[in-house]
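Survey of secondary and tertiary structure
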Amino acid sequence: MSSILFRVGRFSFRHKWWVLTAWVAALVVAGSAVGALSPKFAQDFDLPGTDGGAAMSMLQENFPAQNQQQSEPSTVVVIAAPDGLAAHNAQIDALVTDLRKLDAVTPETIVNPVTVAAAKPEMAGAVLGDDGRIGLITVHQKVNLMDVDMSLKNQLLDTLAEHRSGGLDVQATGGIMSAQEPAGKAELIGFAIAFVVMIIAFGALIAAFIPLVTGIVGVGLTMMLVTLAAEVLSINQAATAIITMLGIAVSIDYALFIVSRYRSEAARGGDRADAAGRAVGTAGSAVVFAGLTVIIAVVALTVIGIPIITQMGLGAAIAILIAVLAALTFIPALLGAFGRFAFSPRIPWIKHAEPSPTADTLGVRFGRALVKRPIPFVVAGLAILIAAAIPIKNMQLGMDTVTDDQVAGQQLLAQGFGEGVAGPLVVVMHADRGTVEAAADTAVAEIKQLPGVAAPQTLRWIGNGPSPQNPNAGADSAMIMVTPLSAPSSPQTHDLVEAIRGTSDTVAAQGAQLHVGGQTAIMSDLSAKLDKALIPYLVVVVGLAFLIMIGVFRSLWVPLIGTLGFVFSMLATFGITTAIFTDGAFGLIDHTKPLLSFLPIFLIGVVFGLAMDYQVFLVTRMREEFVHGLSAADAIVAGFRHGSRVVTSAAIIMISVFAAFMLSPDTTAKMMGFALAIAVFFDAFLVRMIIVPGVLSLLGKRAWGLPAWLDKLVLNFDIEGEKVRNRGLPATGDAASDTAQSTVVGSA
């Protein structure tokens, strides 16, 4: 493989303008196609293969009007006054008047709840709660949920703020309140921090600029391709955030490794094109296998069977693939374009990232101390991870996706009408033959008896009969809206969903089928599906990655130590994330909530791939030096000499990109950004930089070998670049370099 990559790198360097033109052309073509087609991402949530998914399909087919209504935002405006809403009737009338001026509303449907309760006493319980101190105003807007943007939300928020005075509290939840600021701010912050880190890493402006350009090109092309895919496939907008987040971090990281290795090779002498070839043939091999590991980790998310997570995984895989291709071709072409100016202008007060072979760098000193006394380092690293993992005993999983600016409205809603009013269940029935009337009556009677149902006496079913005056007459389908007493994400609501589904046998005996849908039921199904998929997912990801790492490192110990270290870093990540976001530790979060149900499996997939990146980049250099004649201990020190600063810079960039998403006002986005950032911190700095090399130093040369029978079966991928190590160098150039390096490392 190294020989092939050598030729790719040298070709890209020598034919730089053709390669760069090809990349620019790809961007232009993809951008033009996006501009011409203007594809839109989906915002609906689909969960095929579940009871909730079946319910929503049945609703679409048999209740098109109700389904259409569900595809449009209905925002619940909650008003409250301690002295009773009747004392603020004039204020509420003024609020209703302004709400009717909002875009795309049907004015006559927006009414004063106090007026409604007075005119229709039977409706009072539906619009007034807490003895008349809390009321509801529903604002339905005739616009598709896919087209909701911040302009509609800001228009509503301005109206609410104007009337929040004189003892009247006005809040909102649901509908357009779920709209979020478009992505971009976090990415820009991540790019800015990455640029600063690369300036420090390279000590030169142009060299720092090259990985940044690669990241922009790679992520830009990825997002254009994903956007084009939305023209023919249903791709949820929520899937794009992680694609951008991961694409930026990985593109810059891979570029950082190639540029750093190129500088090392260029310093050894010979033609710069050959130096680019050697950089791609050595560091590029690590990039290929690291990228392959990440791709396996994210593509394996498809085994879960949830469309939005599948889209995240496949989109992230495209981002990784483009990042790898850019590192192998775009980077050497850029280096060729800048030529001898690639590492200029120098910044005088920053030390060069590639010191002389005799320099006693911080990385070398740390590596020397680690191999001299590995046990204290390993014990300290494990102790920190174990301490961080302790709060995991309080970990709760749920699907509470309410944004922070809806919390006040949710609390008022729960106070006046119960926690479950925000998450009604949609029970849908259908009879293949005859009418559904008898089965629907039976279902209503049984559901009324179930614990956890709010206002069971009001339950009724609505049919799709042929007569508009009496929709129940001759109906072959029925719909029942059930409001739980408990919150949408609570275990009690999940139990109620399953209890209602338990009535399906009785309904089936009367010739009908019953399914439970709605967002609350779908989220419950999602959590259950994620639980079932976790073990198969781990087997697929860890199993395939373990096999790949055996081929990369030609060792059983290195993959085993790396995988066990990852387990510790994950436990620590879940523990500290639970402490902050669920337990409210340090007061960093205003609105605590359970960890998202998909966070564990998603975090495992993404971070396992990234962890193996650093394992490959750092440990392959150690193996390379061991194969070329250094002792096991000296090889570890040499690995730190060449890789510690680069891996540290890459990890800081990755952490910065992820942590930038914590600036979002939404707790869910903060949770995702924090969990990813702290996971990379634990894994890169404690596991890959301390625990793994520490244990390897304890094992000595036993760490770098395979049993004879297995050694014959494993292909030699030449990850160390043995075949290209001397390409284009003077006959004595490499030997002299190796001798100097061996002398310095050996003297340690």
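Nothing here was measured: the structure is a model prediction, and the numbers come from that model.

Criteria and thresholds
- Residues numbered from 1 in each chain as written.
- Predicted model: local features only at pLDDT ≥ 70, side-chain atom pairs only at ≥ 80, totals over all residues.
- Heavy atoms only, no water.
- Helix = DSSP H or I, 4+ residues; strand = E, 2+ residues; numbered from the N terminus.
- Rg over C-alpha atoms; globule rule 2.2 N^0.38 Å.
- Buried < 20%, exposed > 50% of the residue type's maximum accessible area, 1.4 Å probe, protein only.
- Contact = heavy atoms within 4.5 Å.
- Areas by Shrake-Rupley, 256 points an atom, 1.4 Å probe, with all protein chains shown as cover.
- Lys, Arg positive; Asp, Glu negative; His and termini not counted.
- Charge placed at Lys NZ, Arg CZ, Asp CG, Glu CD.
- Salt bridge = Lys/Arg side-chain N within 4 Å of Asp/Glu carboxyl O.
- Expected span 1.5 Å × (residues − 1).
- Pairing = 2+ DSSP bridges.
- Axes fitted to C-alpha atoms, helices over the stretch in contact; angles between N-to-C directions.
- Core = buried A, V, L, I, M, F, W, Y, C linked by side-chain atoms within 4.5 Å.
- Polar contact = N/O pair within 3.5 Å; in protein donor to acceptor, adjacent residues only side chain to side chain.
- Patch = residues over 30% accessible without salt bridge, like charges linked within 9 Å, V, L, I, M, F, W, Y side chains within 5 Å.
- Parallel < 35°, antiparallel > 145°, perpendicular 65-115°, else oblique.

Looking at the overall build of the protein
Within the protein, the secondary structure is distributed over 26 helices and 10 strands. Relative to the 2.2 N^0.38 estimate, which gives 27 Å for 748 residues, the radius of gyration of the protein is 30 Å and therefore close to what a compact globule would have. Referenced to the eigenvectors of the C-alpha coordinate spread, the extents of the protein come out at roughly 100 × 50 × 50 Å. Relative to its 748 residues, the protein shows a buried fraction of 55%. For the protein, the proportion of contacts with a sequence separation of at least 24, taken over those separated by at least 6, is 81%. Here the protein displays about 30,300 Å² of accessible surface, and carbon together with sulfur accounts for 63% of that area. Across the protein, the 46 positively charged side chains and the 55 negatively charged ones have centroids separated by 17 Å.

Focus on the pattern of salt bridges
Tallied over the entire structure, the rule returns 13 salt bridges. Residue K101 is joined to D98 by a salt bridge in which the shortest nitrogen-to-oxygen separation is 3.6 Å. With a relative accessible area of 18%, D98 lands in the buried category. With a shortest N-O distance of 2.7 Å, R501 and D525 are connected by a salt bridge. Residue R501 is found in helix α18 (residues 491-501), and its partner D525 is found in helix α20 (residues 519-553); the two are separated by 24 residues along the sequence. Here R501 falls in the buried class, since its relative accessible area comes to 12%.

Focus on helix α8 (residues 150-163)
A rise of 1.5 Å per residue sets the reference length of α8, with its 14 residues, at 20 Å; its end C-alpha atoms lie 20 Å apart and thus fit the reference within 8%. Buried within α8 are the following residues: M150, L152, K153, L156, T159, L160 and H163. Elements that come into contact with the buried residues of α8 comprise β1 (74-80), α5 (89-99) and β4 (169-173).

Focus: the sheet that holds strand β8 (residues 477-482)
The sheet built from 4 strands is open, its strands ordered β7-β8-β6-β9 with antiparallel pairing. Of all the strands in the sheet, just β7 (461-463) and β9 (512-517) have a single pairing partner and so form its edges. Adjacent strand axes in the sheet meet at a mean angle of 20° when their direction is disregarded. Note that strand β6 (residues 425-431) and β8 share 6 bridges and pair antiparallel. What sits directly across from V427, in β8, is I480.

What about the pairing of β6?
With 7 of 7 residues buried, β6 is to be regarded as a mostly interior element. Burial along β6 is two-sided: the face carrying L425, V427, M429 and A431 and the face carrying V426, V428 and H430 are both buried. Relative to β9, β6 is paired through 6 bridges, and the arrangement is antiparallel. Looking across to β9, one finds that V428 is bridged to H515.

A closer look at the sheet that holds β1
Spatially, β2-β3-β1-β4 is the arrangement adopted by the 4 strands of the open sheet, whose pairing is antiparallel. Of all strands in the sheet, those bounded by a partner on one side alone are β2 (128-129) and β4. For β1 and strand β3 (residues 134-140), the ladder comprises 7 bridges, and the chain directions are antiparallel. Among the inter-strand pairings, V77 is bridged to a residue of β3, identified as I137. Of the strands in this sheet, β1, β3 and β4 are in contact with α5, which crosses β3 at around 15°. Sheet contacts for helix α16 (residues 407-417): β1, β2, β3 and β4; angle to β4, the most-contacted strand, approximately 100°.

Structural notes on the nonpolar core
Nonpolar side chains tend to gather and get buried jointly when the protein is soluble and globular. Of all hydrophobic cores here, the largest spans 176 residues; its most connected members are M198, L246, Y254, F658 and L696. The biggest single contributor to this core is helix α24 (residues 667-699), with 20 residues. Each residue touching F658, except ones within four places of it in the same chain, is listed here: M245, L246, L610, G673, L676, A677 and V680.

Thoughts on the side chain of T563
On the secondary structure map, T563 appears in helix α21 (residues 557-581). The exposure class assigned to T563 is buried, which follows from its relative accessible area of 12%. Within polar-contact distance, the side chain of T563 engages the backbone oxygen of P559 at 2.8 Å. In contact with T563, other than residues within four places in its own chain, are V542, F546 and M549.

Brief notes about the environment of D130
Here D130 is to be found in the loop between β2 and β3. Since its relative accessible area comes to 22%, D130 is described here as partly exposed. In the structure, D130 is positioned 389 residues away from Q519 in sequence and 26 Å away in space, judged by C-alpha atoms. Residues within four places of D130 in sequence aside, it is in contact with Q415 and G416. There is a polar contact of 3.1 Å between the side chain of D130 and the side chain of Q415.

Let's talk about a nonpolar patch on the surface
Together, I375, V379 and L698 make up a nonpolar patch on the protein surface, roughly 280 Å² of accessible area in all. You can see I375 is positioned in helix α15 (residues 374-389).

Brief notes about the packing of α18 against α20
Across the interface, α18 lies against α20 with an axial gap of 10 Å and an inter-helix angle of 100°. The angle between α18 and α20 places the two elements in the roughly perpendicular class. Contacts between α18 and α20 involve T493, H494, V497 and R501 from the former and T520, A521, S524 and D525 from the latter.

Remarks on unusual backbone geometry
The backbone of A104 shows a phi angle near 65°, a positive value even though the residue is not glycine. Tracing the chain through its elements places A104 in the loop between α5 and α6 (113-119). Look at A104 and you get partly exposed, because its relative accessible area is 35%. Phi is positive for D130, close to 55°, though the residue is something other than glycine.

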